[in-house]
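# Observations on chain architecture
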Amino acid sequence: NTTLHAKLDVDTIAFLERNFNSFNLDINSKSYNRLCRSITSSILLFASNDNAHFAHTAIPSWIQDILDLLRSPYLYNMSVSEITKEIPYTKQHICNTFKKYMGQSITEYFLQQRLNYAKYLLLSTTDSVANIANITGFNNTSFFYRRFKQQFDVTPSELRKTTK
């Protein structure tokens, strides 16, 4: 497997987040599909720019398998150790190899996936913040609020108020 890695600048990331937040995020909606196509086109256009820093890196298939698992909302109430227990490598090898290819620790990556899903749920449902925290694997609501604010510079409640 060959994967394209990109380092996007803060302005590009802000542009993508702004555009995602301006649409109904129902994955079956036409606007969501148009947005995905538009963003994909923008990223491909950005990739062709000589100023972009891209590298082709072959990611081991077992790392791709871990990525697929870490992106699954059904596993967000599990720990990284539970998710990777069937991988036939030591914990240290898994962690070191993951960081080598992904540029961040497996735990931080998993936390970001859970927080991104929480943001999606906050914007697309009327579930309580406490329920969303629980769904995304946060047993401590205070910790959820703190990490959400660190990630998105806004609390879950503030995010909901600003998008209504």
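These notes cover the structure that comes with them. Being a predicted model, the structure only gives us computed values, none of them experimental.

### Here's the deal with the overall build of the protein chain
Helix and strand counts for the protein chain stand at nine helices and two strands. Ordered by position from N to C terminus, the α and β elements of the protein chain give β-α-α-β-α-α-α-α-α-α-α. In the protein chain, which comprises 164 residues, the proportion classed as buried is 33%. Taking all contacts inside the protein chain whose residues are at least 6 apart in sequence as the whole, residues at least 24 apart take part in 61%. About 10,500 Å² of surface is accessible on the protein chain, with carbon and sulfur atoms providing 51% of the total.

### A few points about the packing of helix 6 (residues 106-124) against helix 8 (residues 141-152)
As a packed pair, helix 6 and helix 8 sit with axes 10 Å apart at the nearest point and diverge in direction by 90°. By the angle between their directions, the pair helix 6 and helix 8 is classed as roughly perpendicular. Judged by residue contacts, Glu108, Leu111, Gln112, Leu115, Asn116, Ala118, Lys119 and Leu122 of helix 6 engage Phe144, Arg147, Phe148, Gln151 and Phe152 from helix 8. Of the residues belonging to the contact of helix 6 with helix 8, the class tally is seven nonpolar, three polar and three charged.

### Looking at unusual backbone geometry
With phi around 60°, Asp153 is a residue other than glycine that occupies positive phi space. Mapping Asp153 onto the fold places it in the loop between helix 8 and helix 9 (156-162). Relative accessible area serves as the criterion here: at 66%, Asp153 is assigned to the exposed category.

### Some words on the packing of aromatic side chains
The tally for this structure, following the rule as stated, stands at ten aromatic pairs. When the centroid spacing of 5.5 Å and the interplanar angle of 65° are considered together, the rings of Phe98 and Tyr109 count as edge-to-face. Of the two residues, Phe98 sits in helix 5 (residues 91-102) while Tyr109 sits in helix 6, which places them eleven residues apart along the sequence. We classify Phe98 as buried; its relative accessible area is 0%.

### Quick notes on the nonpolar core
Formed by 17 residues in total, the largest nonpolar core has its most connected members in Ile66, Leu70, Phe98 and Ile106. When residues of this core are traced back to their parent elements, those giving at least two are helix 3 (61-70), helix 4 (80-83), helix 5 and helix 6. With five residues, the single largest contributor to this core is helix 3. Of all hydrophobic cores here, the second largest spans 14 residues; its members include Ala118, Leu121, Ala133 and Val154.

### Some words on the pattern of salt bridges
What the rule picks out here adds up to one salt bridge. With a shortest N-O distance of 3.0 Å, Glu108 and Arg147 are connected by a salt bridge. Separated by 39 residues along the polypeptide, Glu108 in helix 6 and Arg147 in helix 8 bring together distant segments of the chain. Owing to a relative accessible area of 27%, Glu108 belongs among the partly exposed residues under this scheme.

### A closer look at the side chain of Thr136
Looking at the secondary structure, you find Thr136 in the loop between helix 7 (129-135) and helix 8. A relative accessible area of 0% means that Thr136 is categorised as buried. Engagement of the side chain of Thr136 in a polar contact is seen with the backbone oxygen of Ala133, the distance being 3.2 Å. With residues up to four places along the chain from it excluded, the contact list for Thr136 reads Tyr76, Arg114, Tyr117, Ala118, Leu121 and Phe144.

What counts, and at which threshold
Here the residue index of a chain counts from 1 through its sequence in written order. In keeping with the model being predicted, local features are shown solely for residues with a pLDDT of at least 70 and side-chain atom pairs are shown and tallied solely at 80 or more, while totals for entire chains, interfaces and linings include all residues. Excluding hydrogens and water, the side-chain values take into account all heavy atoms of the structure. Helix and strand assignments follow DSSP, with helices taken as H or I runs no shorter than four residues and strands as E runs no shorter than two, numbered in order from the N terminus. Only protein chains enter the accessibility calculation, which uses a 1.4 Å probe. A residue is then buried if its area is under 20% of the maximum for its type, exposed if over 50%, and partly exposed in between. Contacts are assigned to residue pairs with any non-hydrogen atoms lying within 4.5 Å of each other. Only the protein chains shown count as cover for residues, and the accessible areas themselves come from Shrake-Rupley with a 1.4 Å probe. Here, axes are lines fitted to C-alpha atoms. For helices the fit covers the stretch in contact, and angles between N-to-C directions go from 0 to 180 degrees. Any angle that falls under 35 degrees is termed roughly parallel, while one over 145 is termed roughly antiparallel, one within 65 to 115 roughly perpendicular, and all others oblique. In this classification, the charged set is Asp, Glu, Lys and Arg, the nonpolar set is Ala, Val, Leu, Ile, Met, Phe, Trp, Tyr, Cys and Pro, and all remaining amino acids, among them Gly, are polar. Only rings of Phe, Tyr and Trp enter the pairing, Trp through its six-membered ring, and a pair is recorded when the two centres are within 6.5 Å. The plane angle decides the type: under 30 degrees is stacked, over 60 is edge-to-face, the rest tilted. Among buried residues, the Ala, Val, Leu, Ile, Met, Phe, Trp, Tyr and Cys ones that are joined through side-chain atoms within 4.5 Å form a nonpolar core. Salt bridges are defined by distance alone: a side-chain nitrogen of Lys or Arg within 4 Å of a carboxyl oxygen of Asp or Glu. Whenever two N or O atoms come within 3.5 Å, that pair is a polar contact, provided that in protein one can donate a hydrogen and the other can accept it, and provided that, for residues adjacent in sequence, both atoms are side-chain atoms.

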